[in-house]
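Here's the letter readout for the chains.
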Amino acid sequence: MRWFKGSIRSSIYGLLGNPGGPTESTLETGIEDIREAMLGLLGDAGPKQFPNVTRRIRYANDVQALWYLRGDLMAALAATQGEATAREKIQHITQMFQGLLPGSLTSRPSPLMG
């Protein structure tokens with residue numbers, strides 16, 4: 001009877017505009033794309049200059065872990081390329097998370113971002 005409750009709950013949430021999460025394959029592909037993009041931003045010198053950030057990105061278990069690593073990546077990029085450039089690059093990475101995160105973890109509009 002447990003499966004019946006879950007299917008009713010998910011269909012009610014779907015009717016209320018809360019679609020189910022991404023499929024397992026979509027999530028896995030998205031995570032790997034984000035991971036590669038984040039490591040790509042660090043460049044070839046990233047593992048030498050920022051070994052902890054590189055390691056944490058490389059071995060992050062899920063999309064939420066990668067979401068929270070954006071701050072560390074931003075700090076690393078700002079140290080080497082300047083804050084304005086780092087902010088632009090992080091904004092592109094942030095867009096890659098669309099549809100992969102629960103609604104409570106998505107970015108909210110900020111008056112600081114113009």
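What this report covers is the structure whose coordinates are included nearby. (Residues numbered from 1 in each chain as written. Predicted model: local features only at pLDDT ≥ 70, side-chain atom pairs only at ≥ 80, totals over all residues. Heavy atoms only, no water.)

### Concerning the overall build of the protein chain
Inference 1: Assigned secondary structure in the protein chain consists of 7 helices and 0 strands.
Inference 2: Counting from the amino terminus, helix and strand elements in the protein chain follow one another as α-α-α-α-α-α-α.
Inference 3: Within the protein chain, the proportion of its 114 residues that are buried is 27%.
Inference 4: Residue pairs at least 24 apart in sequence account for 60% of intrachain contacts in the protein chain once pairs closer than 6 positions are excluded.
Inference 5: Accessible surface, the protein chain: about 7,900 Å² in total, of which carbon and sulfur atoms supply 55%. (Helix = DSSP H or I, 4+ residues; strand = E, 2+ residues; numbered from the N terminus. Buried < 20%, exposed > 50% of the residue type's maximum accessible area, 1.4 Å probe, protein only. Contact = heavy atoms within 4.5 Å. Areas by Shrake-Rupley, 256 points an atom, 1.4 Å probe, with all protein chains shown as cover.)

### Remarks on the pattern of salt bridges
Inference 1: Evaluated as defined, the whole model comprises 3 salt bridges.
Inference 2: We note a salt bridge from R35 to E32, for which the minimum N-O separation is 3.3 Å. Remark: E32 and R35 occur in helix α2 (residues 24-42); sequence separation between them is 3 residues, near one turn of the helix.
Inference 3: On the accessibility criterion, R35 (8% relative accessible area) is buried.
Inference 4: Its salt-bridge partner being E83, residue R87 comes within 2.7 Å of it at the nearest N-O pair. Taken together, the residues span about one helical turn, with R87 and E83 both in helix α7 (residues 83-96) at a distance of 4 residues.
Inference 5: Residue R87 is classed as partly exposed on the basis of its relative accessible area, which comes to 35%.
Inference 6: For E83, a relative accessible area of 48% translates into the label partly exposed. (Salt bridge = Lys/Arg side-chain N within 4 Å of Asp/Glu carboxyl O.)

### As for helix α6 (residues 70-81)
Inference 1: Here α6 is 12 residues long and its end C-alpha atoms lie 15 Å apart, about the 16 Å a rise of 1.5 Å per residue gives.
Inference 2: When α6 is considered as a whole, its buried residues turn out to be R70, L73, M74, A76 and L77. Down the axis of α6, the sector holding all buried residues measures 165°, keeping them to one side.
Inference 3: Downstream of α6 by one or two residues, G82 has phi in the positive range, about 95°. (Expected span 1.5 Å × (residues − 1). Arc of directions from axis to C-beta.)

### Let's talk about the packing of aromatic side chains
Inference 1: For the structure shown, the criterion picks out 1 aromatic pair.
Inference 2: When the ring of W67 is compared with that of F97, the centres are 5.1 Å apart and the planes differ by 80°; the resulting orientation is edge-to-face. Here W67, found in helix α5 (residues 63-68), pairs with F97, found in the segment after α7; they are 30 residues apart in sequence, far enough to count as distant. As far as the burial class goes, W67 and F97 line up, both buried.
Inference 3: The residue whose ring lies beneath R70 is W67, and the NZ or CZ to ring-centre distance is 3.6 Å. (Phe/Tyr/Trp six-rings, centres within 6.5 Å; stacked < 30°, edge-to-face > 60°. Lys NZ or Arg CZ within 6 Å of the ring centre and 35° of its normal.)

### Some points on the nonpolar core
Inference 1: If you look at the biggest cluster of nonpolar residues, it comprises 24 residues, and the most contacted ones within it are I34, M38, L42, I57, L66, L73 and F97.
Inference 2: For this core, the secondary structure elements donating two or more residues are α2, α4 (51-58), α5, α6 and α7.
Inference 3: At 6 residues, α2 tops the list of elements feeding residues into this core.
Inference 4: Ignoring anything within four residues of it in the chain, the contact list for L73 reads M38, L41, L42, V53, I57 and I90. (Core = buried A, V, L, I, M, F, W, Y, C linked by side-chain atoms within 4.5 Å.)

Geometric descriptors of this kind do not, in isolation, establish any biological role.
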